[in-house]
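Below are the chains, spelled out letter by letter.
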Amino acid sequence: MNSTPTASVAPAIPAALIGRLRKARSMAALTGAGISAESGVPTFRDAQTGMWAKFDPLELATPDAFRRNAKLVWDWYAWRRELVAQARPNAGHRALAAIEAANPNFLVITQNVDGLHQAAGSRNVVELHGNIRRVKCSRDGTIVATWDDSSPREAPRCAQCGAFLRPDVVWFEETLPDDALVRAEHAARDCDVLLVVGTAAEVYPAAMLPAYARHHGAAIVEINPNPTRLSDRVDYALRGPSGIVLPALAAAVWGDVPASP
C-alpha cells in the first residue's frame, strides 16, 4: 500500500495511481459522512444540540420509534432537514462531479442522505440510504412534494391515503433499496478503480463493496484524514480532507477542477 501523511495541503499523487486512473475504463466512488462533514453537515452520531440533546439518534431512526411517536421522529428529521438545507457542496463534491464529466462511466455510491453530490453536479449517483430532502408516504412509499406541517400534535399525513408521512431514508432494521444495492454491487465488481472517500466502510452491506472491487482486480484508493480499518487493505491511502485531496487528484489526472469558493 502507498500512503501519504495526513496534511492540510494536498498530498503528492503517486505516478502509478495517475497512470491507473488515466487507463481506467470504469470507476466508482464510495462516499461517507466525512465528505459531508466538510460542508458542515453533522455526522449521524454527532452530539445533538438544543432540545435534541437528550435523545439518542439510534433510538429515533427506527420503524418502531416512528410507530410509537411519529411526530417526534418527524420533528427530528425536519430539524435535520433544515441543517442539510443550509449546507453547500464543497470542493470534494465538485471534484467528483468533474471526474464524472471527464469519465461518463463513473458512479458515485453514497451512504449520505443530504443530496450534496447532485447539488455539485454529479448525475450518476446511487443513494444507498435514501435522501433526507425527500418525503414519502409511510404506507406505499409514494414521494410527495408538499405537505401540511401545521399540526402541533401529529406528523403530516398523506393527502391520498391518510397515512403518516416520513423521510425517504433507510432506518435501522430496514433493508437498503434493492435497485440501489444492485447498481452499487455491479459498479464495484466492474470498476477498475474504486475511490473510498470519507468513510471507514464498516457498515454493511456497503462495507462489502471494496472487497468486491478488489476481488475483481480494481485498485482501491482511500481518501481520508485518518487511517481506518480498511487502510491495510487498500492500494493507495491519500491522507487529508476530501476537499483538498480530490481536487488535487482530479487535477493531476484530468486537469484543473473548479476551485473552492
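We now turn to the structure provided with this report. (Residues numbered from 1 in each chain as written. Predicted model: local features only at pLDDT ≥ 70, side-chain atom pairs only at ≥ 80, totals over all residues. Heavy atoms only, no water.)

## So, the overall build of the chain
- Of regular secondary structure, the chain possesses 9 helices and 10 strands.
- A compact globule built from 261 residues should have a C-alpha radius of gyration of about 18 Å, and the chain, at 19 Å, falls within 12% of that.
- Principal-axis analysis of the C-alpha atoms gives the chain an extent of 60 × 35 × 30 Å.
- Going through the 261 residues of the chain one by one, you find that 51% of them count as buried.
- Intrachain contacts of the chain at a sequence separation of at least 6 include 68% that bridge at least 24 residues.
- With an accessible surface of roughly 12,500 Å², the chain has 51% of that area assigned to carbon and sulfur atoms.
- In the chain, which carries 27 positive and 27 negative side-chain charges, the distance between the mean positions of the two groups comes to 1 Å. (Helix = DSSP H or I, 4+ residues; strand = E, 2+ residues; numbered from the N terminus. Rg over C-alpha atoms; globule rule 2.2 N^0.38 Å. Buried < 20%, exposed > 50% of the residue type's maximum accessible area, 1.4 Å probe, protein only. Contact = heavy atoms within 4.5 Å. Areas by Shrake-Rupley, 256 points an atom, 1.4 Å probe, with all protein chains shown as cover. Lys, Arg positive; Asp, Glu negative; His and termini not counted. Charge placed at Lys NZ, Arg CZ, Asp CG, Glu CD.)

## Some details on helix α4 (residues 70-85)
- Taking 1.5 Å per residue as the helical rise, α4 with its 16 residues ought to reach 22 Å, and the 22 Å between its terminal C-alpha atoms agrees with that figure.
- Looking at α4, one finds that the buried residues are Ala-70, Lys-71, Val-73, Trp-74, Trp-76, Tyr-77, Ala-78, Arg-80, Arg-81 and Val-84.
- On its buried face, α4 sits against α3 (63-68), β5 (130-137) and β7 (165-169). (Expected span 1.5 Å × (residues − 1).)

## Focus on the environment of Asp-190
- Locating Asp-190 in the fold gives a position in helix α7 (residues 178-190).
- A sequence separation of 164 residues divides Asp-190 from Ser-26, and the C-alpha atoms of the two residues are 7.0 Å apart.
- Discounting residues that sit within four places of it in the chain, Asp-190 has contacts with Arg-25 and Ser-26.

## Side note on the side chain of Glu-100
- With respect to the helices and strands, Glu-100 occurs in helix α5 (residues 91-102).
- Although buried, Glu-100 forms no salt bridge, and the nearest oppositely charged side chain, Arg-123, lies 6.3 Å from it.
- Here the side chain of Glu-100 touches Asn-124 through a polar contact of 3.2 Å, landing on its backbone nitrogen.
- With residues up to four places along the chain from it excluded, the contact list for Glu-100 reads Phe-106, Ser-122, Arg-123 and Asn-124. (Salt bridge = Lys/Arg side-chain N within 4 Å of Asp/Glu carboxyl O. Polar contact = N/O pair within 3.5 Å; in protein donor to acceptor, adjacent residues only side chain to side chain.)

## A closer look at the pairing of β5
- The element β5 is largely enclosed, with a buried count of 6 among its 8 residues.
- Across 5 bridges, β5 lies against β7 in antiparallel orientation. Residue pairing in the sheet places Gly-130 in a bridge with Val-169 of β7.
- As paired elements, β5 and strand β6 (residues 143-144) share 2 bridges and run antiparallel to each other. Looking at the pairing, Lys-136 lines up with Ile-143 of β6.
- Linking β5 back to β6 in an antiparallel pair, the connection comprises 5 residues, with Gly-141 at a positive phi of about 80°. (Pairing = 2+ DSSP bridges.)

## A few points about the nonpolar core
- Counting 27 residues, the largest nonpolar core has Leu-195, Leu-246 and Leu-249 as its most contacted members.
- Considering each element in turn, this core owes the most residues, 5 residues, to helix α9 (residues 242-254). (Core = buried A, V, L, I, M, F, W, Y, C linked by side-chain atoms within 4.5 Å.)

## Concerning the packing of aromatic side chains
- According to the stated counting rule, one finds 5 aromatic pairs in the structure shown.
- Relative to Trp-171, the ring of Phe-66 has its centre 5.3 Å away and its plane inclined at 45°; by these criteria the two rings are tilted. Of this pair, Phe-66 sits in helix α3 while Trp-171 sits in the loop between β7 and α7, placing them 105 residues apart in sequence. The residues Phe-66 and Trp-171 share a single accessibility class, namely buried.
- Aromatic pair Trp-76 and Tyr-77: ring centres 4.8 Å apart, planes at 75°, arrangement edge-to-face. The two residues Trp-76 and Tyr-77 agree in class, both being buried.
- What links up through ring pairs into an aromatic cluster is the set Phe-66, Trp-76, Tyr-77, Phe-164 and Trp-171.
- Of note, Arg-157 hangs over the ring of Phe-164, and the distance from its end group to the ring centre comes to 4.0 Å. (Phe/Tyr/Trp six-rings, centres within 6.5 Å; stacked < 30°, edge-to-face > 60°. Lys NZ or Arg CZ within 6 Å of the ring centre and 35° of its normal.)

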